[in-house]
Amino acid sequence: MSRLVALIFDVDGTLADTERDGHRVAFNLAFERAGLEWHWSQTLYGELLAVAGGKERMCHYIEQYCPADGQAEALKALVPALHADKTRIYEQMLGQGGITLRPGVKRLLLEAREAGIRLAIATTTTRANVIALLANNLPENAVGWFDVIATADEVEEKKPSPLVYQYALSELGLKAEQCLAFEDSENGIRATRATPLKTIITVNDYTCDGSYSDAALVLDHLGEPDLPFHVLDGEQQAQVPSTQHYLDIELAKKLCQ
Ligand code: XBP
Ligand code: MG
């Protein structure tokens, strides 16, 4: 008998590849509009992703990359306004349909609903970004599919702190062993490990070199009937039959036994 009651999803990098062509582009445009000569290249952004949270990432950049000329505090004072503008730009990008869900995400959400498995979100991004991503990629009522949407707005610490997952579990009224988490990054699995939650990792270009040895499964993506996933690693990889081409609820239940 499976204990699975709920699936808890990270957002950035897991539901959608939002970072390189989404958040990064929005940050750069916000910098430009503020008259700052900052530009986050794809490579630099990969390094900056070690710091979760857009505001924290900008503060880290100021500390690490802006010459120590006594301007750091003045520059940090610009961060809240820069972040608000970046969020507006990012929401507009989502509205233009520029960012789609990763393979298998919509299918798995629909299957879970059909099977009576509850859904939740645990992310360190801003709530407005999550709502815009869901609204632009799923049916109109999809925000209501999630019993809990736990974001950076609800907790004091960002991942790798487990707080956002602990908050999601407490709002769901569930124990960790009744849930499976979906993540894409080392900061993400550090948060789920400390909760502790069994975790499925779907890697992307920025996170594929991470260390996920204690994940239940490490996949390239969740897979679709016509787009098979590849199992890359994971403590429970032996439980994936060779005939299985995508992660479905049956496999999710098996992983949660
Ligand atoms: C990803 C993040 C976020 C986004 C930017 O978190 O760390 O900071 O990069 O979003 P997760 P904000 O993978 O947990 O969703 O600018 O709104 O912070
Ligand atoms: Mg992520």
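Because the structure is predicted, anything quoted here is derived from the model rather than measured.

What to know about the coordination of the magnesium ion (ligand 2)
Coordination of the magnesium ion (ligand 2) by the protein comes from Asp10 (OD), Asp12 (O) and Asp184 (OD), over a distance range of 2.2 Å. For the magnesium ion (ligand 2), the single-chain donor residues occur in sequence as D-x1-D-x171-D. You can see aspartate 12 sitting in the loop between strand 1 (6-9) and helix 1 (19-33) and its partner aspartate 184 sitting in the loop between strand 4 (179-183) and helix 9 (186-194), a full 172 residues away along the chain. Judged by relative accessible area, aspartate 12 falls into the buried class, the value being 12%. Take aspartate 184: its relative accessible area is 5%, and that puts it in the buried class.

Details of the packing of helix 3 (residues 54-65) against helix 5 (residues 79-95)
Each pair of packed helices can be described by the angle between their axes along with the distance between the axes. Direction vectors running N to C along helix 3 and helix 5 enclose 130°, while the axes themselves pass 10 Å from each other. Overall, the two elements helix 3 and helix 5 adopt an arrangement that is oblique. Note that helix 3 runs across helix 5; the crossing there is right-handed. Residues Gly54, Lys55, Met58, Cys59 and Ile62 of helix 3 lie in contact with helix 5, whose contacting residues are Val79, Leu82 and His83. Broken down by class, the residue content of the contact of helix 3 with helix 5 amounts to 5 nonpolar, 2 polar and 1 charged.

Each value, and the rule that gives it
- Residues numbered from 1 in each chain as written.
- Chains lettered and ligands numbered in written order.
- Predicted model: local features only at pLDDT ≥ 70, side-chain atom pairs only at ≥ 80, totals over all residues.
- Heavy atoms only, no water.
- Donors = N, O, S within 2.8 Å, 3.2 Å for Na, K, Ca; no water.
- Helix = DSSP H or I, 4+ residues; strand = E, 2+ residues; numbered from the N terminus.
- Buried < 20%, exposed > 50% of the residue type's maximum accessible area, 1.4 Å probe, protein only.
- Axes fitted to C-alpha atoms, helices over the stretch in contact; angles between N-to-C directions.
- Parallel < 35°, antiparallel > 145°, perpendicular 65-115°, else oblique.
- Left-handed = near helix turned anticlockwise from the far one by under 90°.
- Contact = heavy atoms within 4.5 Å.
- Nonpolar A, V, L, I, M, F, W, Y, C, P; charged D, E, K, R; others polar.

The values are spatial; any link to function lies outside them.
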